[in-house]
Amino acid sequence: MCIFTHFIKYMTNLYDILNTFIFIITNGIIKKKKFTEFNVLKILHHSENFLVINKPFDMVINCNNPNMQESVQCVIRKMFPNLANPNLCHEFYFVHRLDYATSGVMCIALNKQSARAASIAFEGRKVQKYYIAVVHGHINSPSIIINVPIGRDIREINGSRKMCTNDNQFCTEPRKSCTGLMVLEKGYYNNKAATKILLYPTTGRRHQLRVHCAYIGHVIVGDYTYSGKTDVEPYRTFLHALRIIIHNEVEHLDINTMDPFTSTIHKNQWKPSETIRVVNDKTFWDIQQLTLNT
């Protein structure tokens, strides 16, 4: 209780409270050492208009707590102190966000013009985002369109901010949500059936990919919240933003990252047994076409 009181005292922004306290607790950061040499913020692209990073997993974007040093905002400020704008609420133009537990490609605008251009692109649905994940169980279909509205779970509004699909009796304010899914590999996580998948959301609801995967009965490995708080063994949530394309009038962006869930990294405990698809231009094209009329 004293920890919660401490957060209340030093954090006035509810969003930051939930992301730094509730998300940290619910994702089990206390019991695991998360920040290793494999989990550091990396620069993927740097121009006069945009800074594109590979965000580490289990890291908040920004925070009002001056004692919180492990946030994207703080790390970038340390790396590029001249880029921080004290006139902005959180020093940088964060034009989109990733969940605390999600790693991967993330774009930060470096001036007002590029921030506006990126915002217009997001609002006009001129942005393509691709994610890679490992989920529990074997998915038999090579591809799936998950076109199910997502809303807030009224039981969790003041808790983990959990979302749910509209068939849940506790769902409020559901909104159209669509995700394309393609199977990449079938195999085993820690000797249990699992599937590596490519995900392509055409809408941007909170926790959309996590909710949709849980909806089809294949919870993302390590997702504490949507596994009913039971999946505590994995060292992280196996969800990663793989690629982003932002068509805008200032600077066209098409940035890729590497797949972090390979079998060559021992701690992933991932052993593929069958390759269905490889990640290449055709796969990106096919999953986009899959959702074209949704």
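Use the structure listed above.
Right, let's walk through the structure included here. No experiment lies behind these values; they were computed from the predicted model shown.

1. Thoughts on the packing of aromatic side chains
Centre-to-centre distance and the angle between the planes together describe a pair of aromatic rings.
Move 1: Enumeration according to the criterion identifies 7 aromatic pairs in this entry.
Move 2: Look at Y235 and F238: their rings are 5.8 Å apart centre to centre, the planes differ by 75°, and that puts the pair in the edge-to-face class. Both residues of the pair, Y235 and F238, count as buried.
Move 3: Members of the aromatic cluster, joined through ring pairs, are F57, Y189, Y235, F238 and F261.
Move 4: The lysine or arginine in question, R243, covers the ring of F284, its NZ or CZ lying 4.6 Å from the ring centre.

2. Observations regarding the environment of H96
Move 1: Among the structural elements, H96 can be located in the loop between β3 (93-94) and β4 (103-109).
Move 2: You can call H96 buried: its relative accessible area is 7%.
Move 3: Along the backbone, H96 and A118 are 22 residues apart, and their C-alpha atoms lie at a distance of 9.0 Å.
Move 4: Sequence-distant contacts of H96, that is, excluding residues within four places in its chain, are made with V105, M106, C107, F122 and I244.

3. Overview of unusual backbone geometry
What you tend to see is this: most non-glycine residues have negative phi, and most peptide bonds are trans.
Move 1: Although it is not a glycine, N190 adopts a positive phi angle of roughly 50°.
Move 2: When you line up the elements, N190 lands in the loop between β10 (178-189) and β11 (192-201).
Move 3: The exposure class of N190 is partly exposed, given its relative accessible area of 22%.
Move 4: The backbone of N191 sits at a positive phi, close to 70°, despite the residue not being glycine.
Move 5: Among the structural elements, N191 can be located in the loop between β10 and β11.
Move 6: When its relative accessible area of 63% is taken as the criterion, N191 is described as exposed.

4. Looking at the environment of R236
Move 1: Looking at the element boundaries, R236 is found in the loop between α5 (208-215) and β12 (239-246).
Move 2: Along the backbone, R236 and F57 are 179 residues apart, and their C-alpha atoms lie at a distance of 7.3 Å.

5. Notes on the sheet that holds strand β8 (residues 163-165)
Move 1: The 3 strands lie next to each other as β8-β7-β9, forming an open sheet whose pairing is antiparallel. Of all strands in the sheet, those bounded by a partner on one side alone are β8 and β9 (171-175). Sheet twist, expressed as the mean angle between neighbouring strand axes with direction ignored, is 35°.
Move 2: Pairing of strand β7 (residues 150-153) with β8 involves 3 bridges; the strand directions are antiparallel. When the sheet's bridge partners are listed, G151 is paired in β8 with C164.
Move 3: Along the sheet, α5 makes contact with β7 and β8, crossing β8 at roughly 45°.

Quick notes on the rules
- Residues numbered from 1 in each chain as written.
- Predicted model: local features only at pLDDT ≥ 70, side-chain atom pairs only at ≥ 80, totals over all residues.
- Heavy atoms only, no water.
- Phe/Tyr/Trp six-rings, centres within 6.5 Å; stacked < 30°, edge-to-face > 60°.
- Buried < 20%, exposed > 50% of the residue type's maximum accessible area, 1.4 Å probe, protein only.
- Lys NZ or Arg CZ within 6 Å of the ring centre and 35° of its normal.
- Helix = DSSP H or I, 4+ residues; strand = E, 2+ residues; numbered from the N terminus.
- Contact = heavy atoms within 4.5 Å.
- Pairing = 2+ DSSP bridges.
- Axes fitted to C-alpha atoms, helices over the stretch in contact; angles between N-to-C directions.

From the geometry alone we can't say anything about function, so treat these as descriptive.
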